[in-house]
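Single-letter residue listing:
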Amino acid sequence: MTAKRFFVNSSEIKFPWAQLKGAEHHHLAHVLRKKTGEKIIVFDEKGRLYQAEIIEIGKNKTSIRLLTRESPPVREVIINLGLGILKAKNMDLVIQKATEWGVARIFPLLTQRTVVKMSEGGEKKIKRWRQIAVEAAKQSGQVLLPQIEKPVNLDQFIQECSGAEKLFLSETKGKILWQALEELAATFSSSSSSSSSSSSSSSSSSQKEIILAVGPEGGWTEEEQNYMINHGFEAVSLGPYILRAETAALAGVAIVAHYFMGKS
C-alpha cells in the first residue's frame, strides 16, 4: 500500500488536476511502472490527502486527476524538535523518525559542540533533509510533513520558542521526561477547561505546543544548559545512562509523541 503513495507540491495542483515531477514521476513511471487509469494516493506539504487517477504518463511528468480531497488531520499537541546538528547519517535518521512520529518543526541547532560544518547557509543539507522527510512520510502513512528550518544558534532558537512549553534533554540534571509530561498534561487539561468555559476563546489560544531540545554528539555545555533554564526551559532526563545523541533524540521524540497520542 505504501508504494502507491506519492508526494505532490501544492504549486503543482490546480484542482482537480495535478502533476507529478522529478523523483515522484520517475518512481511512478520507471520503478513502479504504473499505467494510465490506475488509482494512486497523493499528499501535499500542507497535509492534504487525495485519491487520484493517472491520466497521462509523459517523459518528464505524470498528469493526474484528483478524485477526492481530505483536509489535513489536526495535531492535538504540536511537537517541535530543536536538534544539535549531528553527523550526516545520524541526522538523517533522526529526521526520518521524527517525521514518522509527526513532529511539526525541526530546528537544526548550531551549538558550542556542533562538529558538522554548514556551508552556504546549509541549503544543500536542508534540501536533503526535506526529501528524507517526504520519503519517511510516504513509507509510514504520515501526511503531516515537518517544517525543517534553516540552522540557527541557540539564541535564535530560543526566540522562536515563545508560547510553547520548553524542555531540553540533559545528562546531568532534571526530572524524568515522563514525569515532566504528566505535569504538562495536567497543565494542558486545566488550560483546555478554562478555554471551554469562555465563549470568547479562540482555538489557536488553547493550542498545545511543546519544544524538545536535544544536544549534538558532545552534548550541551553547562553554559548552554544554564542559558536555556534562564530562558524558560526545563531540564529533563531519560535516565541514568549516557545515550548517543541520535538515541536520545529518537527516544525523546517517541516518548513525547506517544504520550500525547490521541490526547485532546
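Each chain carries its own residue numbering, running from 1 in the direction its sequence is written. Side-chain atom pairs in this predicted model are given and counted only at pLDDT of 80 or more, local residue features only at pLDDT of at least 70, and totals for whole chains, interfaces and linings cover all residues. With hydrogens and water stripped out, all remaining heavy atoms of the structure feed into the side-chain values.

Caption draft 1: Inspection of the confidence of the model for the chain at higher detail. As a per-residue quantity, pLDDT reports the predictor's confidence and falls between 0 and 100. Per-residue confidence for the chain gives a mean pLDDT of 89; residues scoring 70 or more make up 91%. Confidence, read as mean pLDDT per element, is least for helix H5 (residues 177–196) in the chain (79) and greatest for strand E14 (residues 234–237) (97). Throughout, a residue-residue contact means that at least one pair of heavy atoms, one from each residue, lies within 4.5 Å. Across residues 199–205, confidence stays below pLDDT 50; counting only partners more than four residues off in sequence or on other chains, it has 1 contact. Segments assigned H or I by DSSP are reported as helices when at least four residues long, segments assigned E as strands when at least two residues long, and all are numbered from the N terminus.

Caption draft 2: Region of the structure containing the sheet that holds strand E4 (residues 39–43). Any two strands with at least two DSSP bridges between them are considered paired. Spatially, the 6 strands line up as an open sheet ordered E1-E4-E5-E6-E3-E2, and their pairing is mixed. Each end of this open sheet is capped by a strand with a single partner; those strands are strand E1 (5–7) and strand E2 (13–14). Of the strand pairs in this sheet, strand E3 (residues 17–21) and strand E6 (residues 61–70) are connected by 5 bridges, and their pairing is antiparallel. Within the sheet, the bridge partner assigned to Leu20 lies in E6 and is Thr62. Axis definition: a line fitted to C-alpha atoms, over the contacting stretch in the case of helices. Angles run 0 to 180 degrees between N-to-C directions. Sheet contacts for helix H1 (residues 22–31): E1, E3, E4, strand E5 (49–57) and E6; angle to E3, the most-contacted strand, approximately 90°. Most of the contacts of helix H3 (residues 123–140) go to E1, to which it runs at about 155°, and overall it touches E1 and E4.

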